[in-house]
Amino acid sequence: MTTPPIPVLLYHAVMDDPPDWIAEFTVTPRDFRAHLDAVVASGRTPVTISALAGHFAGRSPLPDRPVVLTFDDGFADLPGPTADALAARGLPATAYLTTGAVTPGRRSLLPPAPMMKLSQAPLLEQYGMEVGAHTITHPQLDTLPAKALRRELTEPKAVLEDVLGHEVAHLAYPHGYNSPAVRRAALRAGYASAVAVRHALSSGTDESYRIARLILRRSHTVADIAAWMDGRGAPVAPFPDSLRTVGWRLYRRARARLKGPVFAG
């Protein structure tokens, strides 16, 4: 390891009674507030993905001990109590929105759940969040043909830019799934960074188009947050894909050719 670990936390819904399909990746509001208090107590400096991407591009230095908070999909709690809890502690964050799931009348592969509305995206910025894209339908990008992949990357970027009135430069891969071809497509689509999952700590030498994140499950505790803030408890990126990851990708591609797009896998 040549640079200190950087925790990039990945949250989904923050609610007491989530739908079953997202319950494993949901934390309660009470636990969420305790997590945020642990982040503050760690003394780390909260930054956005923009700051991290700027460092990777050589444009700006990072503070000595940064931390990044991210939120995927766009659940209904985000522009309300979740944003309030962040703002109360002066914590910036990055929210990645699945445009098909948050736009009335549009569809996505996400199962039913309470979602925010696309029109609330500017409100997130008023709370101090930056907004990134999380595709239209939440597909497994590394299983898509080139034309469908290009649409899933370019359309949500344009939709969010129209709503916000400025460039949207950051992407999150649904399920964290990506590949060299997907990463090249993200670059061609005009994104300055893309986040994966990897359930690992990032670092100052991580890869701009598969930034590692630590995915929060309902079973994670304040002790887990404290360990991550201390740079412990998870591997540190960058590291190559394992043979298991490569094999799983090949399996999912074969399944997609037979069955078409599916939500999870």
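Each remark here, short or long, concerns the structure printed above.
Residues numbered from 1 in each chain as written. Predicted model: local features only at pLDDT ≥ 70, side-chain atom pairs only at ≥ 80, totals over all residues. Heavy atoms only, no water.

Undergrad: What am I meant to see in the overall build of the chain here?
TA: Of the regular secondary structure elements, the chain holds ten helices and ten strands. Expected size for 265 residues packed as a compact globule is a radius of gyration near 18 Å; at 17 Å, the chain falls within 12% of this value. Projecting the C-alpha coordinates of the chain onto the three principal axes gives extents of approximately 50 × 40 × 35 Å. When the 265 residues of the chain are sorted by exposure, 52% land in the buried category. Sequence-distant contacts in the chain: of pairs separated by 6 or more residues, those separated by 24 or more amount to 68%. (Helix = DSSP H or I, 4+ residues; strand = E, 2+ residues; numbered from the N terminus. Rg over C-alpha atoms; globule rule 2.2 N^0.38 Å. Buried < 20%, exposed > 50% of the residue type's maximum accessible area, 1.4 Å probe, protein only. Contact = heavy atoms within 4.5 Å.)

Undergrad: Hey, could you run me through helix 7 (residues 146-164) in this one?
TA: Structurally, the α-helix is built with 3.6 residues per turn, so residues lying three or four positions apart point the same way. The terminal C-alpha atoms of helix 7 lie 28 Å apart, and with 19 residues this matches the ideal 27 Å at 1.5 Å per residue to within 8%. Those residues of helix 7 not exposed but buried are Leu149, Glu152, Leu153, Pro156, Lys157, Leu160 and Leu164. Take helix 7 and look down its axis: the buried residues cluster within an arc of 105°, on one side only. Relative to its buried face, helix 7 has exposed residues pointing more than 90 degrees away, namely Ala146, Lys147 and Asp162. If you follow the buried residues of helix 7, they end up packed against strand 5 (93-97), helix 5 (99-102), helix 6 (121-126), strand 6 (129-133), strand 7 (170-172) and helix 8 (180-188). (Expected span 1.5 Å × (residues − 1). Arc of directions from axis to C-beta.)

Undergrad: Got a minute to help me understand the pairing of strand 4 (residues 66-73) in this structure?
TA: Residues in a regular strand project their side chains so that they alternate between the two faces of the sheet. In terms of burial, strand 4 is a largely internal element, eight of the eight residues being buried. Sheet analysis places strand 2 (residues 8-11) next to strand 4, joined by four bridges and oriented parallel. From the neighbouring strand, Val8 faces strand 4, where its bridge partner is Val68. Sheet topology note: the strand 3 (residues 45-47)/strand 4 ladder contains three bridges and is parallel. Among the inter-strand pairings, Pro46 is bridged to a residue of strand 4, identified as Val67. With four bridges joining them, strand 4 and strand 5 adopt parallel strand pairing. Pairing of Asp72 across the sheet is with Tyr96, part of strand 5. Regarding the hand of the β-α-β motif, the stretch spanning strand 4, helix 4 (residues 78-88) and strand 5 is right-handed. (Pairing = 2+ DSSP bridges. Right-handed = clockwise from strand over helix to strand, strands pointing away.)

Undergrad: What am I meant to see in the environment of His55 here?
TA: Along the chain, His55 turns up in helix 3 (residues 49-56). For the pair His55 and Ser119, spaced 64 residues apart in sequence, the C-alpha separation works out to 31 Å.

Undergrad: What is the right way to look at the packing of aromatic side chains in this model?
TA: Two numbers describe a pair of aromatic rings. These are the distance of the centres and the angle of the planes. For the structure on display, the rule yields five aromatic pairs. Taken together, the aromatic side chains of Tyr11, Phe32 and Phe71 make up a single cluster linked through ring pairs. Positioned over the ring face of Tyr191 is Lys157, at 5.9 Å from the centre of the ring. Sitting above the plane of the Tyr177 ring, Arg252 keeps its charged end 3.5 Å from the centroid. (Phe/Tyr/Trp six-rings, centres within 6.5 Å; stacked < 30°, edge-to-face > 60°. Lys NZ or Arg CZ within 6 Å of the ring centre and 35° of its normal.)

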